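# Coordinates in review
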Amino acid sequence: MSRDEVRRRPSNSRASVRRVPGPCARWDDENASFIREILDLVGDKWSVLVIGTLADGAVRYSDLAYAIPGVSQRMLTLTLKQLKRDGLVERTAYPEVPPRVEYQLTPLGTSLLSTVLALADWSATNHAEIRRNRMAYDAG
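Residues numbered from 1 in each chain as written. Predicted model: local features only at pLDDT ≥ 70, side-chain atom pairs only at ≥ 80, totals over all residues. Heavy atoms only, no water.

### Examining helix H4 (residues 45-53)
Within the sequence span of H4, burial applies to Trp46, Ser47, Val48, Val50 and Ile51. Among the structural elements, helix H3 (29-42), helix H6 (73-85), strand S3 (100-105) and helix H7 (107-139) are those in contact with the buried residues of H4. Looking at where H4 begins, the residue whose side-chain oxygen comes 3.0 Å from the main-chain nitrogen of Trp46 is Asp44. (Buried < 20%, exposed > 50% of the residue type's maximum accessible area, 1.4 Å probe, protein only. Helix = DSSP H or I, 4+ residues; strand = E, 2+ residues; numbered from the N terminus. Contact = heavy atoms within 4.5 Å. Polar contact = N/O pair within 3.5 Å; in protein donor to acceptor, adjacent residues only side chain to side chain.)

In C-alpha cells:
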C-alpha cells in the first residue's frame, strides 16, 4: 500500500480506543464529544467550587463571590450561566431594591454534588503530596 493510500484511508481512532479499558470505551461515537464537553464543564475548577458552595442551599451572588477565593466576577458569571444552561443550577431574581439574585442546585446539580465534594476532599487531602511531587519534578 502506498503512502497516499494510507493517508486517504479513513482512520477509526474511536474503534482502537474501544479496545482499551477506560471510560471512553463505554461511549458511542455519536455522544462521545458531547460527553467530553460535559466533563470539561463539571470538571472545571470554578464549576466544582460553585457546585460545592451551593451544597447547603440557595446562595446570593455576592456571597458566592466571597465564598470562592480568587474567582473573578466575569468567571463566576460565566460559570453560573453555563451551569444554568445545562440545568445544574437555577437562578432566582427577586424584585427588590437593591436587587437580590440567588442561585441553587437543581435536582440534576444535586445528583452531581457527592462526586464534586469527593473531588474537592481528595484535592484537600492530597495537596501537600502533590506539591512535593511537583517540587521534586521541577528540581530534577
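Having seen it, we continue.
### Side note on a nonpolar patch on the surface
A cluster of nonpolar side chains, namely Leu119, Trp122 and Ile130, defines an oily patch on the protein surface of about 280 Å² accessible area. Examined against the element boundaries, Leu119 turns out to sit in helix H7. Relative accessible area serves as the criterion here: at 40%, Leu119 is assigned to the partly exposed category. (Patch = residues over 30% accessible without salt bridge, like charges linked within 9 Å, V, L, I, M, F, W, Y side chains within 5 Å. Areas by Shrake-Rupley, 256 points an atom, 1.4 Å probe, with all protein chains shown as cover. Salt bridge = Lys/Arg side-chain N within 4 Å of Asp/Glu carboxyl O.)

### Observations regarding the packing of H4 against H6
Packed helix pairs are characterised by how far apart their axes lie and by the angle those axes make with each other. Between H4 and H6, the shortest axis-to-axis distance is 10 Å and the interhelical angle comes to 75 degrees. It follows that H4 is roughly perpendicular to H6 by the angle criterion. Contact residues: Trp46, Ser47, Val50 and Ile51 in H4; Met75, Leu76, Thr79, Leu80 and Leu83 in H6. Across the contact of H4 with H6, the residue classes tally to 7 nonpolar, 2 polar and no charged. (Axes fitted to C-alpha atoms, helices over the stretch in contact; angles between N-to-C directions. Parallel < 35°, antiparallel > 145°, perpendicular 65-115°, else oblique. Nonpolar A, V, L, I, M, F, W, Y, C, P; charged D, E, K, R; others polar.)

### Topic: the pattern of salt bridges
Counted by the stated rule, this structure contains 2 salt bridges. A salt bridge links Arg100 to Glu102, with the shortest nitrogen-to-oxygen separation between them at 3.0 Å. For the pair shown, Arg100 and Glu102 are each scored as buried. Salt bridges here are not isolated pairs; linked through shared partners, they connect Glu96, Arg100 and Glu102.

### Side note on the confidence of the model for the chain
Per-residue pLDDT for the chain averages 87, and the proportion of residues at 70 or more is 86%. The weakest mean pLDDT in the chain belongs to helix H1 (residues 3-8) at 51; the strongest belongs to H6 at 97. (pLDDT = per-residue confidence, 0-100.)

### As for the side chain of Glu102
Mapped onto the secondary structure, Glu102 falls in strand S3. Note on Glu102: relative accessible area 15%, which makes it buried. Looking at Glu102, its side chain comes within polar contact range of the side chain of Arg100, at 3.0 Å. For Glu102, the contacting residues outside a window of four places in its chain are Ala58, Val59, Arg60, Glu90, Arg91, Thr92 and Tyr94.

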